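Here are the chains, one letter per residue:
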Amino acid sequence: MKAGRPAFDPVLLLAAPALAYMAVVFALPVLVLILRSFGTPTGPSITAYVSFLSDGFNWRVIGNTLRIAALTSLLCLALGYPTAVALARSKGAVQALLLVAIILPLSVGVIVKAFAWQIVLRRDGVVAAFMVMTGIWDQPQLLLFTESGLVIGAANVFLPFMILPIYSVLKLVDPNLQDAAATLGAPPLYRFFKLALPMAMPGIISGTAIVFSLAASMYVIPTLLIGDRFQTLATLTARAFLLMRNEQLGSTTATVLLVLAVSIVMLSSWAVKAKGDSR
Amino acid sequence: MSADALLLDVRGASKAFGSTTVLAGVDLGVHRGEFVSLLGPSGCGKTTLLRIVAGLLGADGGTVRLDGADITGVPTHKRGVGVVFQSYALFPHLSVADNVAFGLRAQRRPADGIKATVARFLDLVHLGALADRPVRGLSGGQQQRVAVARALAVAPKLLLLDEPFSALDRKLRETMQIDLRHILREVGITTVLVTHDQEEALVMSDRIAVMSKGAIEQLDTPEGIYTRPRTPFALGFVGHSIRIAGKAGQTTDGVLTVDTALGPLRAKGSYLPGSPVLLAVRPERVVVGAPPPDVPSNAVTAALTDIVFQGSKVHLHFAAADVTLLVETNRIPPGLSPGATASLSWGLADTMLFPGETA
Ligand SMILES: Nc1ncnc2c1ncn2[C@@H]1O[C@H](COP(=O)(O)OP(=O)(O)OP(=O)(O)O)[C@@H](O)[C@H]1O
Ligand SMILES: [Mg+2]
């Protein structure tokens, strides 16, 4: 950045409606929620957090949340990155078809998908049959109501949010870069790690940030795929508000989730960028 | 190996995309240290041939030999063929110096050697002062020099340049052409340049390969191509020319008489009487006025339509019977103005003869 105060750019006013909208329907209520988590009949205090964090069960809930979000992001990245590369390299009708295939599932609601997954994740479902056929499993297992099943289902919903940001970055990259590296004597793996990956990194960061945040805060998917036995911060928040009518617990878990998700996303993208710059 | 051996020897390279044949069995031999240009119109297959030589594209048929070894199936990164791309293809996330160091690092050269090599090649292209700058903000000319330094730093056996000047404005292009020629001479690297700009090819090359529709029509020195074009295409693509179509008549003592719209003209050669032929002459070989009596010549009468002053030379446009005749002189002939009729003549030795198009 240049030194000195940049002059105000009137174009920024274009963001004003969205900012005002977000302030009213998002920032304000979230602020109220956060404040409520500190409220006690005797004035502001952090007792809610102290008691929340002193319960071992809640730590397991935090662990569940982060683990599921991380695994879902990883699965989406593993499936999404190659897809984004293929999408960026394809042309014309093939590309249009791929895009439709990626975006169309978004228009199918989660409830519909959940019933579809029940077919796939059953003991006699497609996934179990595949695992037995490839010899990874000795016998068919039930994937429904397991963490693996939850990750598979969540990744299915969030995959487009990984593919599209990576694709939008890759399509702007000069396709000659890989060729240029090859003519300089760089073998394929070197080209991947020193060129393809750094080029895709902005897309990978935003895709992962989106999927991680979505997966950390999802409520409907775990409710449908795994049920009450398995709690995350999001399902716990919902229980606190809807079932237990405990507003303070609800706002506490919601705030913990918010802080965790935001800080993990920001820290990891900062770490990746710092690593990129130190080369 | 003899000094005359071919460094690059392409034999019968062919390539089709779907049902369109882009290269139809191309042969190309380039000597060690030589600068050869592939000159041809857009879409004639120049880039395709270049990519095949670099291993970036698989040919359907033919072989590529480099320095005596068959490299037809060798992957690009093991070929030792450097390329400067039309878009320069600089790595946008790296600095100027890191771009130049990329290949050296990829080949795991010792670190202290890399630093010295990068500095040497940046100096060679006069970019030493910009070493730590990101490549994003560089001007077109600077980017091109980074691309050249980056390609040369890994010491390839052969350097390929794909229209490296097309992104530069005319003035800069001319200085960069001469600059680059000096740099490449200094390094002594064998180079193949792709261009559709005949002047660029004439200025830079030891030899020029004139390409048309996936085939090399002629591979010769710039002078050879200009004075002895082997095909009408080579004639038309390099330099200006006067072209007069006609029908072959009788051949006497190796001189053919051709019936043209401008009357009977003569050229050295022999064709079956009645077959269509094309006569041609370079504009600067034509003189305004009667031919000297002792030299066998052709002469026609034509009307002056236009005078175009071009600084060091003057273009006189004549017309006669639907044929345009361009004459190049170094000053405007006194007393000649548009509308006037004049006699034009040129030597028999300057008259080129090609097979004509069958109507
Ligand atoms: N990957 C491809 N798929 C289909 N056709 C192609 C492909 N690459 C090139 N072509 C076609 O092959 C022909 C030759 O292309 P090439 O790029 O070699 O031409 P060129 O001589 O370099 O032209 P220019 O001066 O415009 O760069 C063109 O008609 C082009 O459309
Ligand atoms: Mg080209």
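All figures in this text were calculated on a predicted structure; none of them were measured in a lab.

How each quantity is defined
Residues numbered from 1 in each chain as written. Chains lettered and ligands numbered in written order. Predicted model: local features only at pLDDT ≥ 70, side-chain atom pairs only at ≥ 80, totals over all residues. Heavy atoms only, no water. Helix = DSSP H or I, 4+ residues; strand = E, 2+ residues; numbered from the N terminus. Buried < 20%, exposed > 50% of the residue type's maximum accessible area, 1.4 Å probe, protein only. Contact = heavy atoms within 4.5 Å. Lys, Arg positive; Asp, Glu negative; His and termini not counted. Charge placed at Lys NZ, Arg CZ, Asp CG, Glu CD. Domains from an automatic or database assignment. Buried area = accessible area lost by both parts, 1.4 Å probe. Salt bridge = Lys/Arg side-chain N within 4 Å of Asp/Glu carboxyl O. Polar contact = N/O pair within 3.5 Å; in protein donor to acceptor, adjacent residues only side chain to side chain. Axes fitted to C-alpha atoms, helices over the stretch in contact; angles between N-to-C directions. Parallel < 35°, antiparallel > 145°, perpendicular 65-115°, else oblique. Left-handed = near helix turned anticlockwise from the far one by under 90°. Nonpolar A, V, L, I, M, F, W, Y, C, P; charged D, E, K, R; others polar. pLDDT = per-residue confidence, 0-100. Patch = residues over 30% accessible without salt bridge, like charges linked within 9 Å, V, L, I, M, F, W, Y side chains within 5 Å. Areas by Shrake-Rupley, 256 points an atom, 1.4 Å probe, with all protein chains shown as cover. Pairing = 2+ DSSP bridges. Near = heavy atom within 4 Å. Core = buried A, V, L, I, M, F, W, Y, C linked by side-chain atoms within 4.5 Å.

1. Here's the deal with the overall build of chain A
Argument step 1. Helix and strand content of chain A: 12 helices and two strands.
Argument step 2. Mapped in sequence order, the helices and strands of chain A form the string α-β-β-α-α-α-α-α-α-α-α-α-α-α.
Argument step 3. By principal-axis analysis of the C-alpha atoms, chain A measures approximately 70 × 65 × 35 Å.
Argument step 4. Taken across its 279 residues, chain A has 35% of its residues classed as buried.
Argument step 5. In chain A, once contacts between residues fewer than 6 apart in sequence are set aside, the share between residues at least 24 apart is 69%.
Argument step 6. Across chain A, the mean location of the 19 positive side-chain charges is 4 Å away from that of the 10 negative side-chain charges.

2. Some points on the domain arrangement of chain A
Accessible area lost on assembly of the parts is the figure often given for the size of an interface.
All names here are of chain A.
Argument step 1. Parsing chain A into structural domains produces domain 1 (10-45) and domain 2 (56-277).
Argument step 2. Inter-centroid distance (C-alpha atoms) of domain 1 to domain 2 is 28 Å.
Argument step 3. On the domain 2 side, the residues contacting the eight residues of domain 1 number eight residues.
Argument step 4. Of all residues in domain 1, Leu33, Arg36 and Ser37 give up the largest surface area on contact with domain 2, accounting jointly for 68% of the area buried on that side.

3. Some thoughts on the interface of chain B and chain A
Argument step 1. Each partner contributes to the interface: chain B provides 25 residues, whereas chain A provides 20 residues.
Argument step 2. Taken together, the two surfaces of chain B and chain A that pack against each other cover about 1800 Å², and 68% of this comes from carbon and sulfur.
Argument step 3. Looking at the side of chain B facing chain A, the largest losses of area belong to B:His77, B:His93 and B:Phe102, adding up to 32% of the total buried there.
Argument step 4. A salt bridge links B:Arg51 to A:Asp179, with the nearest nitrogen and oxygen atoms 2.7 Å apart.
Argument step 5. For the pair chain B and chain A, the interface holds five residue pairs in polar contact (both at pLDDT 80 or more).

4. Focus: the environment of A:Pro140
Residue and element names in this part refer to chain A.
Argument step 1. Following the sequence through the fold, Pro140 ends up in the loop between helix H6 (126-133) and helix H7 (147-170).
Argument step 2. Spatially, the C-alpha atom of Pro140 lies 6.8 Å from that of Asp124, the residues being 16 residues apart in sequence.
Argument step 3. Excluding residues within four positions of it along the chain, Pro140 makes contact with Arg123, Ala128 and Val132.

5. Considerations on the packing of helix H3 (residues 56-89) of chain A against H7(A)
Residues and elements named next belong to chain A.
Argument step 1. At a minimum axis distance of 6 Å, the contact between H3 and H7 shows a crossing angle of 40°. In terms of their interaxial angle, H3 and H7 are classed as oblique. Once H3 is placed against H7, the crossing between them reads as right-handed.
Argument step 2. In terms of residue class, the contact of H3 with H7 is built from 23 nonpolar, four polar and two charged.

6. Re the confidence of the model for chain B
Argument step 1. Summing up the model confidence of chain B, the mean pLDDT is 91 and the portion of residues at 70 or higher is 98%.
Argument step 2. Two summary scores accompany this predicted model of the complex, namely pTM at 0.84 and ipTM at 0.84.

7. Considerations on a nonpolar patch on the surface
All names here are of chain A.
Argument step 1. Nonpolar side chains collect at one region of the surface, where Ile111, Phe115, Tyr219, Val220, Leu224, Leu242, Leu243 and Met244 lie side by side and expose about 770 Å² of accessible area between them.
Argument step 2. Counting only elements with at least two residues in the nonpolar patch, the list comes to helix H5 (110-121), helix H10 (220-225) and helix H11 (233-243).
Argument step 3. Among the structural elements, Tyr219 can be located in the loop between helix H9 (188-216) and H10.
Argument step 4. For Tyr219, a relative accessible area of 37% translates into the label partly exposed.

8. Focus: the sheet that holds strand E5 (residues 69-70) of chain B
All names here are of chain B.
Argument step 1. Judged by pairing direction, the sheet is antiparallel, and its four strands sit side by side in the order E2-E1-E4-E5 without closing on themselves. At either end of the open sheet lies a strand with only one pairing partner, and these are strand E2 (20-31) and E5.
Argument step 2. In the sheet, strand E1 (residues 6-17) pairs with E2 via nine bridges, with the strands oriented antiparallel. Pairing of Ala16 across the sheet is with Thr21, part of E2.
Argument step 3. Across the face of the sheet, helix H1 (residues 46-54) comes into contact with E1, E2 and strand E4 (61-66) while running at roughly 120° to E1.

9. So, the side chain of B:Lys46
Argument step 1. Its place among the elements puts B:Lys46 in helix H1.
Argument step 2. Buried and without a salt bridge, B:Lys46 has B:Glu163 as its closest oppositely charged side chain, separated by 4.2 Å.

10. Considerations on the site of ligand 1
Residues and elements named next belong to chain B.
Argument step 1. Residues in close proximity to ligand 1 include Phe17, Val22, Pro41, Ser42, Gly43, Cys44, Gly45, Lys46, Thr47, Thr48, Glu163 and His196, which together make up its full environment.
Argument step 2. At 3.0 Å from an oxygen atom of ligand 1 is found a main-chain nitrogen or oxygen belonging to Gly45.
Argument step 3. A distance of 2.6 Å is found between an oxygen atom of ligand 1 and a side-chain nitrogen or oxygen belonging to Thr47.
Argument step 4. Here the element with the most residues in the shell around ligand 1 is H1; it accounts for three residues.

11. Here's the deal with the sheet that holds strand E9 (residues 207-212) of chain B
Residue and element names in this part refer to chain B.
Argument step 1. Taken in spatial order, the six strands make up an open sheet running E6-E7-E8-E3-E9-E10, and their pairing is mixed. This sheet does not close on itself; its edge strands, each paired only once, are strand E6 (81-84) and strand E10 (215-220). With strand direction ignored, the average angle separating the axes of adjacent strands in the sheet is 20°.
Argument step 2. Inspection of the sheet shows strand E7 (residues 158-162) paired to strand E8 (residues 190-195) by five bridges, in the parallel sense. Across the sheet, Leu161 pairs through a bridge with Leu193, a residue of E8.

12. Regarding the pairing of E1(B)
Residues and elements named next belong to chain B.
Argument step 1. Following E1, the chain reverses through two residues before pairing antiparallel with E2; Gly18 in that reversal takes a positive phi of roughly 65°.
Argument step 2. Summarising the sheet, E1 and E4 pair through five bridges and their orientation is antiparallel. In the strand pairing of E4, Ser14 is matched with Gly61.

13. Things to note about helix H8 (residues 176-183) of chain A
Argument step 1. Burial within H8(A) is extensive, with six of its eight residues counted as buried.
Argument step 2. Every buried residue of H8(A) is accounted for by A:Leu177, A:Asp179, A:Ala180, A:Ala181, A:Ala182 and A:Thr183.
Argument step 3. Where H8(A) is buried, its residues touch H9 of chain A together with H1, E6, helix H2 (96-106) and helix H4 (140-153) of chain B.
Argument step 4. Where H8(A) ends, the next residue or the one after it, A:Gly185, has phi of about 90°, a positive value.

14. So, the nonpolar core
Argument step 1. The biggest cluster of nonpolar side chains holds 81 residues, and the ones touching the most others in it are B:Leu8, B:Leu28, B:Leu49, B:Phe91, B:Leu152, B:Leu158 and B:Leu160.
Argument step 2. In this structure, B:Phe91 is in contact with A:Leu177, A:Ala180, A:Ala181, A:Leu184, A:Leu195, B:Asn99, B:Phe102, B:Val135 and B:Arg150, ignoring residues within four places of it in sequence.

15. A closer look at the domain arrangement of chain B
Residue and element names in this part refer to chain B.
Argument step 1. Partitioning chain B into structural domains gives domain 1 (3-237) and domain 2 (242-355).
Argument step 2. Taking only C-alpha atoms, the centre of domain 1 and the centre of domain 2 are 39 Å apart.
Argument step 3. Its largest share of buried area at the contact with domain 2, domain 1 owes to Tyr226, Pro232 and Leu235, together 78% of the area lost on that side.
Argument step 4. Our count for the domain 1 to domain 2 interface comes out at zero salt bridges.
Argument step 5. Summed over the shared surface of domain 1 and domain 2, the result is four residue pairs in polar contact (both at pLDDT 80 or more).
Argument step 6. Mapped onto the side of domain 1 that touches domain 2, the elements with two or more residues apiece are helix H7 (222-227) and helix H8 (232-237).
Argument step 7. Its residues assigned to classes, the side of domain 1 that touches domain 2 shows five nonpolar, three polar and one charged.

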